[in-house]
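# Architecture at a glance
Chain by chain, the residues:
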Amino acid sequence: MPDTPMASTESEQVPSGIVAGLKAFTSEHDGATAVIEYVGRRGARIVLVGEDGAWGDQLAPATDVARAACREAGVPVENGWERELTENMHGGPSLWGSMGRTALAR
């Protein structure tokens, strides 16, 4: 088995649609920060919090792919839900409910 650097392997695994989605969200919301959550066999959820308080998500096949996608899109990743990040989020109960349904339905 040939030795290949980890970064190039991750890069090849990143679906371009995820990177494009991250970049689009970031540009629409004056920047964004991500938190990556492991969701079992489904992979990983990239939760984006925009600078304007809006938030959304993308589903990736694995956590390493999610991190690589964020790196390619230039989106910083937090290690967890820090108070400052959650305080910046806005949206009502319908947004919380729709986010859970759409992310897990993919």
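Going by the structure above, here's the rest.
So, here is what we can say about the structure in this document. (Residues numbered from 1 in each chain as written. Predicted model: local features only at pLDDT ≥ 70, side-chain atom pairs only at ≥ 80, totals over all residues. Heavy atoms only, no water.)

A positive phi angle is found at Asp30, which is not glycine, with a value near 55°. On the secondary structure map, Asp30 appears in the loop between helix H2 (16-28) and strand S1 (32-38). (Helix = DSSP H or I, 4+ residues; strand = E, 2+ residues; numbered from the N terminus.)

Our focus in this paragraph is the sheet that holds S1. Read across the open sheet, the four strands follow the order S3-S2-S1-S4; overall the sheet is mixed. Since the sheet does not close on itself, it has two edges, and those belong to strand S3 (55-60) and strand S4 (77-78), each with one partner. Sheet analysis places S1 next to S4, joined by two bridges and oriented parallel. Along S4, the bridge assignment pairs Ala34 with Val77. Contacting S1, strand S2 (44-50) and S3, H2 crosses the sheet at an angle of about 170° to S3. Sheet strands touched by helix H3 (residues 63-73): S1, S2, S3 and S4. Its angle to S1, the strand with the most contacts, is close to 170°. (Pairing = 2+ DSSP bridges. Contact = heavy atoms within 4.5 Å. Axes fitted to C-alpha atoms, helices over the stretch in contact; angles between N-to-C directions.)

Residue pairs spaced three or four apart in an α-helix point in one direction, given the helix's 3.6 residues per turn. A rise of 1.5 Å per residue sets the reference length of H2, with its 13 residues, at 18 Å; its end C-alpha atoms lie 18 Å apart and thus fit the reference within 8%. Residues Ile18, Val19, Gly21, Leu22, Phe25 and Thr26 constitute the buried set of H2. Mapping the buried residues of H2 onto a view down its axis gives an arc of 160°, with all of them on the same face. Pointing more than 90 degrees away from the buried face of H2 are the exposed residues Ser16, Ser27 and Glu28. In this fold, the buried residues of H2 make contact with S1, S2, S3 and H3. (Expected span 1.5 Å × (residues − 1). Buried < 20%, exposed > 50% of the residue type's maximum accessible area, 1.4 Å probe, protein only. Arc of directions from axis to C-beta.)

Ranked by size, the top nonpolar core spans 19 residues in total, and within it Leu22, Ile46, Leu48, Cys70 and Val75 carry the most contacts. For this core, the elements supplying multiple residues, two or more each, are H2, S1, S2 and H3. At six residues, the largest contribution of residues to this core is made by H3. Excluding anything up to four places from it in sequence, Leu22 contacts Ile46, Leu48, Gln58, Ala69, Cys70, Ala73 and Val75. (Core = buried A, V, L, I, M, F, W, Y, C linked by side-chain atoms within 4.5 Å.)

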